[in-house]
Amino acid sequence: MGETVRVGLKYCGGCNPEYDRVALVRHIEESLQGEIEFVTPESEGVGLILAVEGCSTACADLSAFQGMEIRVITNIDGAERFIKEIRTQLGSFAD
């Protein structure tokens with residue numbers, strides 16, 4: 001297997017969450033165990049930023065990550081799409 005993707009994790013402020021953001025991140029981490037590593041966004045070697053927003057307003061300030069690859073999740077379905085996307089990307093690296 002290739003290298004683990006380091007994902008910078010950014011949460012919104014949680015003012016109006018429509019789901020349990022922490023539980024959702026735990027689900028992503030378990031689903032992609034050994035394939036990704038969640039780290040602080042400022043960590044070295046971050047491959048992309050995952051912004052976990054509690055609602056569709058998605059108001060977290062992401063300007064500090066300008067020029068970086070950013071994925072935004074605003075609901076549970078978004079997490080499943082992110083998992084599939086990562087698996088697809090990692091599969092293409094294995095070829």
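Our subject is the structure that appears above.
Computed from a prediction, not measured in an experiment: that's the story for all the values here. (Residues numbered from 1 in each chain as written. Predicted model: local features only at pLDDT ≥ 70, side-chain atom pairs only at ≥ 80, totals over all residues. Heavy atoms only, no water.)

Visitor: Please explain the overall build of the protein as it appears in this structure.
Guide: The secondary structure content of the protein amounts to two helices and four strands. Sequence-ordered secondary structure for the protein, helices as α and strands as β, is β-α-β-β-β-α. A compact globule built from 95 residues should have a C-alpha radius of gyration of about 12 Å, and the protein, at 13 Å, falls within 12% of that. With the C-alpha coordinates of the protein rotated into their principal frame, the extents come out at 40 × 25 × 15 Å. Buried residues in the protein amount to 37% of all 95 residues. Partitioning the contacts of the protein with sequence separation of at least 6, the portion at a separation of at least 24 is 64%. Carbon and sulfur atoms make up 48% of the accessible area of the protein, which totals about 5,800 Å². Both charge centroids of the protein, one from 8 positive and one from 16 negative side chains, sit 3 Å from each other. (Helix = DSSP H or I, 4+ residues; strand = E, 2+ residues; numbered from the N terminus. Rg over C-alpha atoms; globule rule 2.2 N^0.38 Å. Buried < 20%, exposed > 50% of the residue type's maximum accessible area, 1.4 Å probe, protein only. Contact = heavy atoms within 4.5 Å. Areas by Shrake-Rupley, 256 points an atom, 1.4 Å probe, with all protein chains shown as cover. Lys, Arg positive; Asp, Glu negative; His and termini not counted. Charge placed at Lys NZ, Arg CZ, Asp CG, Glu CD.)

Visitor: Looking at this model, I keep getting lost on unusual backbone geometry. Mind explaining?
Guide: Most peptide bonds take the trans form, and the phi angle of most residues other than glycine is negative. We note that A58 has phi near 50°; this positive angle belongs to a residue other than glycine. Here A58 is to be found in the loop between β3 (48–52) and β4 (70–73).

Visitor: It is not clear to me how the side chain of E53 should be interpreted in this structure. Could you clarify?
Guide: Structurally, the position occupied by E53 is in the loop between β3 and β4. R21 provides the closest opposite charge to the buried, salt-bridge-free E53, at an N-O distance of 7.4 Å. Aside from chain neighbours lying at most four places away, what touches E53 is C12, Y19, R21, A58, C59, A60, L62, V72, I73 and T74. (Salt bridge = Lys/Arg side-chain N within 4 Å of Asp/Glu carboxyl O.)

Visitor: I would appreciate a short explanation of the sheet that holds strand β1 (residues 5–11) in the present structure.
Guide: Note: strands within a sheet are paired through backbone hydrogen bonds, in either parallel or antiparallel orientation. Spatial strand order, β2-β1-β3-β4: four strands in an open sheet with parallel pairing. The sheet terminates laterally at β2 (36–39) and β4, the two strands that pair on one side only. The mean angle between the axes of side-by-side strands here comes to 30°, regardless of whether they run parallel or antiparallel. Bridge count between β1 and β2: four bridges; the pairing is parallel. (Pairing = 2+ DSSP bridges. Axes fitted to C-alpha atoms, helices over the stretch in contact; angles between N-to-C directions.)

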